[in-house]
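If you want the building blocks of each chain, they are given just below.
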Amino acid sequence: MMRLFLMKMTFRVYNITMLVVLAALILCSFDYGITWDEGFRTQEAYRLVQYYKALWSSEALPRFTGNYGMLHDVTGYLLQFISPLHFPQTRHVVTVIVGWLGVYFTGKFAYRYWGAMPALFAVFILLASPRYFGSLSNNPKDIPFATAYIIAFYYLAKLSRSDLVHGYRNVLKLAGAISLLISYRAYGGFVFFGYAFLYFSYLIFSGAFTKELMIGALIRFILLVNCAVLFAFIFVPQMQVGYLLYVLPSSAAMISLLAIIKNFRFANSFLSLFRNLPAWLKYSAVAVMVLSITGLIFHYEWFGGIWNSLLRITRYKWQGAILYNGEYIRPLAGLSPGYLFNWFFMTTPIPVLIFLLCSLAPLVTGSKHRRLLLMLWGIVVFPVSVVLINHSTLYNANRHFFFIYPPMVLLAVYGSMYIVSKLKSDRTYTSVFAILIAVLFFDPIRFSFANHPNQYVYFNQLKGGIASAYGNYELDYWGNCFKESLDWIEDVTSNSDRVIDVRALPGGPSHVVEYRILYEKKKNFNYVRQYSQSTHFDLALVIGPVARYQKMMASPRFIHMISADGVPLCLILKGKDYESLGLSL
């Protein structure tokens, strides 16, 4: 009884700690800049609202690309009407709350299986990872999906045998998490594959494998799919026709067919033969079954959910160029297979990489958590393998794969636990290990505090830090530092009653400056689009080779720069009409 009380108290302490973390994250969110596609996403949210106001009028249908659901954008759009904050801040608060939920469930996962200290360590790692921390406020596309991904896996791993056969509570929670996945990204339904494989593997390998149980499992799986989609397709309007014309009738037809098979006597003989197959044939049969069932239900391409979810991300035709290893390349022309691995290697804190490798040891030596570790490695490796095999379009570092970082952190937590378990007999070694962790985490934590709010330009010491990445890789691809630039200009011109003309030079997401002036309603600011027109201040986002920006900094036009560890992120230059302001800097 006392042990149960202490466990509840410990989890209560965890919840209180996480509420403090949430408050801190919300306060920090006000410092971040607007992202380069928030204007477009806001317009899409407006169109979706008008689409429903017009009772599903096709003329008001959002120009949806098929990759992202509208849940996050619609939430931010609607809350702006009751929020006392200006629009970018409202969106950032929504993003950080959703991102915090991902951190919370990552810790909750560790708490459920390993205890309070691993849970707090998992939260610590996520917050001490500059790239992830810096994205919690100003990445409204990848962070919500990462949150939904870890929540879905939490409930997937939580499913017990009773849930798979008899219960509905946890299954419905999983359906809700998958709904969020699809509502944030249309291809998020690939989690259904993991659920289905777990579901049918248990049924086939359990001793109670009967015809009634198998048919019941199939029916429950089909119902789960429909429960998940019913909410999700509100925010992915292109799914609606496919769902009503294909998924719903297919589901009803399959349930009817299963009811007919249930009365066929030969089914019992077939299942009896199936039980005697070797294990590898059973697993193969499960894989074929899962792919066949989901393929039959989700064969309509515009559905954008399950069967085509694994292919949709590979079909995105992004035509831009990215700076990678000192050269401009186009993702559609083909990226190196090591692109994604290299970005994780360069931007993940060193101790996380070490502990991640250590988590492989229990798979070889044996562990009571081996099945759980295999599942964690599976949800990390599977999506990465899919995009590598299909040569998917990737850009802007590894942000498209932030969703695998919380599972990576959980593996790293277990890797650290494995090391401690080997050292616990010697307190000296354990103390040295604790000191080593503190030393290794010093650099990312220092970087986060010293360069707030530009944490997401972090590169670890294996790469040589941001100084070595400068000119070789894109740094501030979101244009986050434009906020600091405009704030600096506003500060130095606070005594002027003139309208300040500002423009962003070509080479980066220049419209971000326009968004900030528009949405924050900065008084006495005017955004100038034309390159040849006179301005007071010009902003140059530093995302390319260094020669151009070194020339700018050496010119008399250079005034100020926004930097991280001394590396320039944005340059503020004198415009043609700067002298008319009469400033003395």
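Just above sits the structure.
Note that the structure is a prediction, hence the values are computed from the model and not measured.

S.K.: With reference to specific residues and values, describe the pattern of salt bridges.
M.R.: Following the criterion strictly, the structure yields ten salt bridges and no others. When the shortest N-O distance is used, the salt bridge between Arg-446 and Asp-565 registers 2.9 Å. One end of the pair, Arg-446, is in helix H21 (residues 427-450); the other, Asp-565, is in the loop between strand S6 (558-564) and strand S7 (567-574), and 119 residues separate them in sequence. A relative accessible area of 29% means that Arg-446 is categorised as partly exposed. A salt bridge links Asp-538 to Arg-557, with the shortest nitrogen-to-oxygen separation between them at 2.6 Å. With Asp-538 in strand S5 (residues 537-541) and Arg-557 in the loop between helix H25 (546-554) and S6, the pair connects residues that are 19 residues apart, well separated along the chain. Judged by its relative accessible area of 35%, Arg-557 is partly exposed.

S.K.: If you had to explain the nonpolar core to someone new, which residues and values would you point to?
M.R.: Counting 157 residues, the largest nonpolar core has Leu-376, Phe-401, Tyr-405, Leu-475, Val-513, Phe-537 and Leu-539 as the members making the most contacts within it. Counting residues per element, this core draws most heavily on helix H7 (residues 142-158), at 13 residues. What Val-513 contacts, discounting residues up to four positions off in sequence, is Phe-482, Leu-486, Val-502, Ala-504, Tyr-527 and Leu-539. Grouped together as the second largest cluster of nonpolar side chains are five residues, Ile-215, Leu-218, Met-254 and Leu-258 included.

S.K.: Which residues make up helix H19 (residues 370-389), and what values go with them?
M.R.: Taking 1.5 Å per residue as the helical rise, H19 with its 20 residues ought to reach 28 Å, and the 27 Å between its terminal C-alpha atoms agrees with that figure. Where H19 bends most, the angle comes to about 25°, and this point is Gly-378. Of all the positions in H19, only Leu-372, Leu-373, Met-375, Leu-376, Trp-377, Ile-379, Val-380, Pro-383, Val-384, Val-386 and Val-387 are classed as buried.

S.K.: Provide a residue-level description of the pairing of S6, including the pertinent values.
M.R.: Across six bridges, the pairing between S6 and S7 is antiparallel. Residue pairing across strands places Ala-564 opposite Val-567, the latter belonging to S7. Counting the residues between successive antiparallel strands, the hairpin from S6 to S7 contains two residues, one of them, Asp-565, with a positive phi of roughly 50°.

S.K.: Could you give an account of the pairing of S7, with specific residues and numbers?
M.R.: Where burial is concerned, most of S7 is hidden: seven out of the eight residues are buried. Here S5 runs beside S7; their pairing, made up of five bridges, is antiparallel. Counted as the bridge partner of Leu-541 is Cys-570 from S7.

S.K.: Give me the lowdown on the sheet that holds S5, citing residues and values where you can.
M.R.: If you walk across this open sheet you meet the five strands as S4-S3-S5-S7-S6, and the pairing is mixed. Two strands in the sheet have a free side with no partner beyond their single neighbour: strand S4 (525-527) and S6. Averaged over neighbouring strand pairs, the angle between their axes works out to 25° when direction is ignored. In this sheet, S5 lies alongside strand S3 (residues 500-504) in parallel orientation, the contact comprising three bridges. Looking across to S5, one finds that Ala-504 is bridged to Leu-539. Relative to S7, H25 is tilted by about 45°, and along the sheet it contacts S5, S6 and S7.

S.K.: Explain the environment of Ile-404 residue by residue, including any values.
M.R.: Its place among the elements puts Ile-404 in the loop between H19 and helix H20 (405-423). With a relative accessible area of 2%, Ile-404 lands in the buried category. Along the sequence, Ile-404 and Pro-383 sit 21 residues apart, while their C-alpha atoms lie 8.5 Å from each other. Ignoring any residue separated from it by four or fewer positions in sequence, one finds Ile-404 in contact with Phe-344, Ile-379, Val-380, Pro-383 and Val-384.

Cut-offs used in this document
- Residues numbered from 1 in each chain as written.
- Predicted model: local features only at pLDDT ≥ 70, side-chain atom pairs only at ≥ 80, totals over all residues.
- Heavy atoms only, no water.
- Salt bridge = Lys/Arg side-chain N within 4 Å of Asp/Glu carboxyl O.
- Helix = DSSP H or I, 4+ residues; strand = E, 2+ residues; numbered from the N terminus.
- Buried < 20%, exposed > 50% of the residue type's maximum accessible area, 1.4 Å probe, protein only.
- Core = buried A, V, L, I, M, F, W, Y, C linked by side-chain atoms within 4.5 Å.
- Contact = heavy atoms within 4.5 Å.
- Expected span 1.5 Å × (residues − 1).
- Bend = angle between axes of the 7 residues up to and from the residue.
- Pairing = 2+ DSSP bridges.
- Axes fitted to C-alpha atoms, helices over the stretch in contact; angles between N-to-C directions.

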